[in-house]
Amino acid sequence: MWDDVKQLADGIGPRRIEDLFQNANRAAEFSLQASGMLFDYSKTQLDDQIRAALIKVAQDAGVEARRDEMFGGAQINETEGRAVLHTALRNLDGGAVLVDGTDVMPEVMATLRQMETVANEIRGSQITDVVNIGIGGSDLGPKMAAIALSPYHDGPRCHFVSNVDGADISDVLRGCDPATTMFIVASKTFTTIETMTNARTARDWLDHHGVSDSGRFVALSSNAAKAAEWGIPGDRVLGFEDWVGGRYSVWGPIGLTLMVAVGPDAFKAFLRGAQEMDRHFRAAPLHQNMPVLLALVGMFHNQVLGHATRAVLPYDNRLSRLPAYLQQLEMESNGKGVSMDGNPLSVHSGPVVWGEPGTNGQHAFYQLIHQGTRTVPCEFLVGAAGHEQDLRHHQDLLVANCLAQSEALMKGRSIEAARDIMRTKGLTGAELERQAAHRVFPGNRPSTTLIYPLLTPEVLGRIIALYEHRVFVEGVILGINSYDQWGVELGKELATSLGPVVTGRETAEGKDGSTRQLVEYVLLYR
């Protein structure tokens, strides 16, 4: 399937990305707009032939048919026998969605109304602080979105606790008043060890301060019985179906903390933005489809050219947690080693995803991106405008830096240009050559840029849905199941067995020498 693309890639040779702009129309021909956003992938090695070959890869893999199956409620999560319908949670006016012949939309809309009721009750009460307790998808999504939409916060202050490290919840609670704090516990089973450990600590904290926990907890869980054991009434338990995966769950009850922060209207705008991207993904032909092209560019860099990492670089400080969110979305989804039929993959699976906001990253790891020995494809995101109109000069500088970085990655600096700089500093001979060598930038390093008008709830919804569908496309082409996560299980199982060992209640007999040694060290300080 990849042979034609790889053959074309082999023919690139010393060609530089900059030279492709001899075509005066390249920027327009290698970019597209959808839902008010512009995706520019012209600063890559893709040309007409490579792009056509990549689109044929997507066609041969059956991306369009598989996409229709997903939206139609088919059980595309085959290893767990489940549909994949997080898109139904934002299908506000898109008609029926069938799972096993039953329309799930009445239940989805009823749950959304329940969320609104609970959120409005909290927002209209004396509660000043809401602490979201979850982990993984029950934390990364709502936390990322809450930070991103901070200009729209008009409800209680919202905090997030995920790590079982006691420092996490201790640091959050230190700034809260027990008399005006409540907790949202997000765990589908209501048994997740990290989440429930933190939830018990939160309940003990209230008790220690003489505050009843009655009415102070909301459960986001499908296990109403377990929530009832906590004394959480049914109208404060918001459930969700097994066709919503954790890392895709911010659109439903897991997003309750976000709704509390920004209000139901802004939350619905967030959903509508995602629904717009869903409609684009379903209707646009592959060569004009933003999630498809985002996926194909990424796969060209990883599976074809062998670049093992991908840097996500939002030039929007409120998207500071987007790289971490995408780490889970992409690496947990597509970090697989076997295809749907259980056979080893013939190509590498998903890349290592990482990043930080600009301009901070420019004073940290951009050194490696510009002059290191490995090529790191970069994905820039930036808003044309910022919310702080009185600080427009900040936004101008931010945008200028973003555009400058992608230009610098492409153009680089030649040894001749570096020599000229050193001559202006009065250097000659061997010292000039030595100093010039340190100032050479190889350039020819690929990047894409996603630019949007302003980070609003609608725009954030579009961005997240864009990346969700990108993961789907890559998974279909790789022939893997993007919706299970067996890789997280083994460590959890071993942690359960080691719990009694690190407390000294059981011995480390049967463990490897390294683990025994580490346990012995821990016990010295208990």
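Here, the structure is the one placed above.
Criteria and thresholds
Residues numbered from 1 in each chain as written. Predicted model: local features only at pLDDT ≥ 70, side-chain atom pairs only at ≥ 80, totals over all residues. Heavy atoms only, no water. Helix = DSSP H or I, 4+ residues; strand = E, 2+ residues; numbered from the N terminus. Rg over C-alpha atoms; globule rule 2.2 N^0.38 Å. Contact = heavy atoms within 4.5 Å. Areas by Shrake-Rupley, 256 points an atom, 1.4 Å probe, with all protein chains shown as cover. Lys, Arg positive; Asp, Glu negative; His and termini not counted. Charge placed at Lys NZ, Arg CZ, Asp CG, Glu CD. Salt bridge = Lys/Arg side-chain N within 4 Å of Asp/Glu carboxyl O. Buried < 20%, exposed > 50% of the residue type's maximum accessible area, 1.4 Å probe, protein only. Pairing = 2+ DSSP bridges. Axes fitted to C-alpha atoms, helices over the stretch in contact; angles between N-to-C directions. Arc of directions from axis to C-beta. Polar contact = N/O pair within 3.5 Å; in protein donor to acceptor, adjacent residues only side chain to side chain. Patch = residues over 30% accessible without salt bridge, like charges linked within 9 Å, V, L, I, M, F, W, Y side chains within 5 Å.

1. Topic: the overall build of the protein
Scanning the protein for helices and strands turns up 20 helices and 13 strands. A globule of 526 residues ought to have a C-alpha radius of gyration of about 24 Å, and the protein, at 25 Å, matches this closely. The contacts in the protein between residues at least 6 apart in sequence include a share of 75% that link residues at least 24 apart. Put simply, the protein shows about 23400 Å² of open surface, and 50% of that area lies on carbon and sulfur atoms. Taken as two groups, the 48 positive and 63 negative side-chain charges of the protein have centres that lie 4 Å from each other.

2. Brief notes about the pattern of salt bridges
For the structure shown, the criterion picks out 31 salt bridges. Across the salt bridge formed by Arg66 and Glu69, the nearest N and O atoms sit 2.9 Å from each other. Taken as a pair, Arg66 and Glu69 lie in helix H4 (residues 63–71) at a separation of 3 residues, close to a single helical turn. In this structure, Glu332 engages Arg247 in a salt bridge whose closest nitrogen and oxygen atoms are separated by 2.8 Å. Here Glu332, found in helix H13 (residues 322–334), pairs with Arg247, found in the loop between strand S9 (237–238) and helix H10 (256–262); they are 85 residues apart in sequence, far enough to count as distant. By relative accessible area, which is 22% here, Glu332 ends up partly exposed.

3. Section: the sheet that holds strand S1 (residues 31–34)
Ordered by their spatial adjacency, 6 strands build an open sheet running S1-S2-S13-S12-S10-S11, and the pairing between neighbours is mixed. Of all strands in the sheet, those with a lone pairing partner are S1 and strand S11 (352–354), marking the two edges. The mean inter-strand angle of the sheet, taken between neighbouring strand axes irrespective of direction, is 15°. Across 3 bridges, strand S2 (residues 37–40) lies against strand S13 (residues 447–452) in antiparallel orientation. Across the sheet, the residue bridging to Asp40 is Thr449, located in S13.

4. A few points about the sheet that holds S9
Spatially, 5 strands are ordered S6-S5-S7-S8-S9 in an open sheet, and the strand pairing comes out parallel. Two strands close off the open sheet at either side, each with one partner strand: strand S6 (157–161) and S9. Pairing of strand S5 (residues 129–133) with S6, which is carried by 5 bridges, proceeds in the parallel orientation. Along S6, the bridge assignment pairs Asp129 with Arg157. Across the sheet, helix H7 (residues 166–173) touches S5, S6 and strand S7 (181–186), and the angle it forms with S6 is around 165°.

5. Here's the deal with H4
Where H4 is concerned, the buried positions are Val63, Arg67, Met70 and Phe71. All buried residues of H4 lie within an arc of 90° about the axis, which places them on one face of the element. Buried positions along H4 lie against helix H3 (48–61), helix H11 (264–283) and helix H18 (457–478). Of the residues flanking the end of H4, it is Gly73, one or two places downstream, whose phi is positive at about 90°.

6. Quick word on the environment of Ser221
Here Ser221 lies in the loop between strand S8 (217–220) and helix H9 (224–229). For Ser221, a relative accessible area of 1% corresponds to the buried category. Taking the C-alpha atoms as reference points, Ser221 and Met144, separated by 77 residues in sequence, lie 20 Å from one another. Here Ser221 is in contact with Ser187, Lys188, Thr189, Phe190, Val237, Leu238, Gly239 and Phe240, once residues within four sequence places are set aside. A distance of 3.0 Å separates a polar side-chain atom of Ser221 from the backbone oxygen of Ser187. Only 2.9 Å separates the side chain of Ser221 from the backbone oxygen of Lys188, close enough to count as a polar contact.

7. Some words on a nonpolar patch on the surface
On the surface, Tyr521, Leu524 and Tyr525 cluster together into a nonpolar patch covering about 440 Å² of accessible area. Accessibility expressed as a relative area gives 63% for Tyr525, which makes it exposed.

8. Let's talk about the environment of Val211
Its place among the elements puts Val211 in the loop between helix H8 (193–208) and S8. Assessed through its relative accessible area of 17%, Val211 is described here as buried. The sequence separation of Val211 and Ala465 amounts to 254 residues, and the corresponding C-alpha distance is 41 Å.

9. Focus on the pairing of S2
Here S2 shows a buried face lined by Met37 and Phe39 and an unburied face lined by Leu38 and Asp40. Here S1 runs beside S2; their pairing, made up of 4 bridges, is antiparallel. Note on S2: the bridge partner recorded for Gln33 is Leu38.

Scope: geometric values only; no functional claims are made or implied.
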